[in-house]
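Below, each chain spelled out in residue letters.
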Amino acid sequence: MAHKDDEQPTGSGAGPDETGPEENTSGPAPSGDQPETDAGQDPDAEGLTIDDILGAEQTPEAAAEGASSDKEASLLIDLKRLQAEYANYRRRTEEQREREIERAKGEAVKGLLPVMDDLDRAAKHGDLVEGSPLAAIGEKVRAVAERLGVVSYGAVGDVFDPQQHEAIFQAPTPGVTETTILEVVEVGYRLGSVELRPAKVVVAVPA
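- Going by an unreviewed UniProt entry, the protein carries the name Protein GrpE and comes from Microbacterium testaceum.
- The UniProt entry for the protein carries the following comment under Subunit (unreviewed entry): "Homodimer."

Rendered as structure tokens:
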């Protein structure tokens, strides 16, 4: 007959090597002191402000890129300045060249002025009869002067201009309110901006 002490216990009790259902869960239990973060979020990026980003230390690569950009901008400004200076230089050179050409033409045309004066005197005396050899010569001379750009000025009744006219005699005239040309002794000539000769005139002045 067996004793009660020798009987094996039955039921759901766990042995010394067995664990309960709660102890079979894998991994450590979550701690309440550990902060939870969103998936994929860098914890170090939390709490950054615009001032923090702007005040962040610049990397050598970023500094080199900024210096290169500043150098390119400076070179572009220098290039535009050189282009403007060259354009001004070309303009001044062209203007100077045109003036030199006009002066050279003027010196050549001055040799025609005495001939043209003789033609004017002949016309006043009626010697340039249409169809005569002298009239044909006069037309050719004036055509050459016109092709060269010679312009004559000075006519009776024009207002006297000391920049263009040379008054060789002044005649006080009643009823005249401003100085005007009374007689043209020699016609004035210019070539472009070059004054070849002022007009020699007799002027009427207020009496």
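Now that the structure is up, let's keep going.
1. Re the packing of aromatic side chains
No. 1: Throughout the structure, instances matching the rule amount to zero aromatic pairs.
No. 2: The positively charged end of Arg 190 is found above the aromatic ring belonging to Tyr 153, 4.3 Å away from the centroid.

2. Structural notes on the environment of Thr 179
No. 1: Looking at the element boundaries, Thr 179 is found in the loop between strand S2 (165-173) and strand S3 (180-186).
No. 2: By relative accessible area, Thr 179 is classed as partly exposed at 26%.
No. 3: Taking the C-alpha atoms as reference points, Thr 179 and Phe 160, 19 residues apart in sequence, are found 5.6 Å from one another.
No. 4: Ignoring sequence-local partners within four residues, the contact set of Thr 179 consists of Val 159, Phe 160, Val 203, Ala 204, Val 205 and Pro 206.

3. Topic: the sheet that holds strand S4 (residues 188-191)
The strands making up a sheet associate through hydrogen bonds between their backbones, and the pairing can be parallel or antiparallel.
No. 1: One open sheet accounts for three strands, arranged S1-S4-S5; its pairing is antiparallel. Because the sheet does not close on itself, it has two edges, and the strands there are strand S1 (150-153) and strand S5 (194-197). Averaged over all neighbouring strand pairs, the angle between strand axes comes to 30°, with direction disregarded.
No. 2: In terms of strand pairing, S4 meets S5 through three bridges, oriented antiparallel. Residue pairing in the sheet places Tyr 189 in a bridge with Arg 197 of S5.

4. Some thoughts on the side chain of Glu 186
No. 1: Examined against the element boundaries, Glu 186 turns out to sit in strand S3.
No. 2: Glu 186 has contacts with Asp 117, Arg 121, Arg 197, Ala 199 and Lys 200, leaving out every residue within four places of it along the chain.

5. Here we look at the sheet that holds S3
No. 1: A sheet is described by the order of its strands in space; here three strands give the open sequence S2-S6-S3, paired in mixed fashion. For this open sheet the edge positions go to S2 and S3, each flanked by a neighbour on one side alone. Across the sheet, the mean angle separating the axes of adjacent strands is 25° when strand polarity is ignored.

Reading guide: rules and limits
Residues numbered from 1 in each chain as written. Predicted model: local features only at pLDDT ≥ 70, side-chain atom pairs only at ≥ 80, totals over all residues. Heavy atoms only, no water. UniProt positions renumbered as here; feature names shortened; annotations may be inferred. Phe/Tyr/Trp six-rings, centres within 6.5 Å; stacked < 30°, edge-to-face > 60°. Lys NZ or Arg CZ within 6 Å of the ring centre and 35° of its normal. Helix = DSSP H or I, 4+ residues; strand = E, 2+ residues; numbered from the N terminus. Buried < 20%, exposed > 50% of the residue type's maximum accessible area, 1.4 Å probe, protein only. Contact = heavy atoms within 4.5 Å. Pairing = 2+ DSSP bridges. Axes fitted to C-alpha atoms, helices over the stretch in contact; angles between N-to-C directions.

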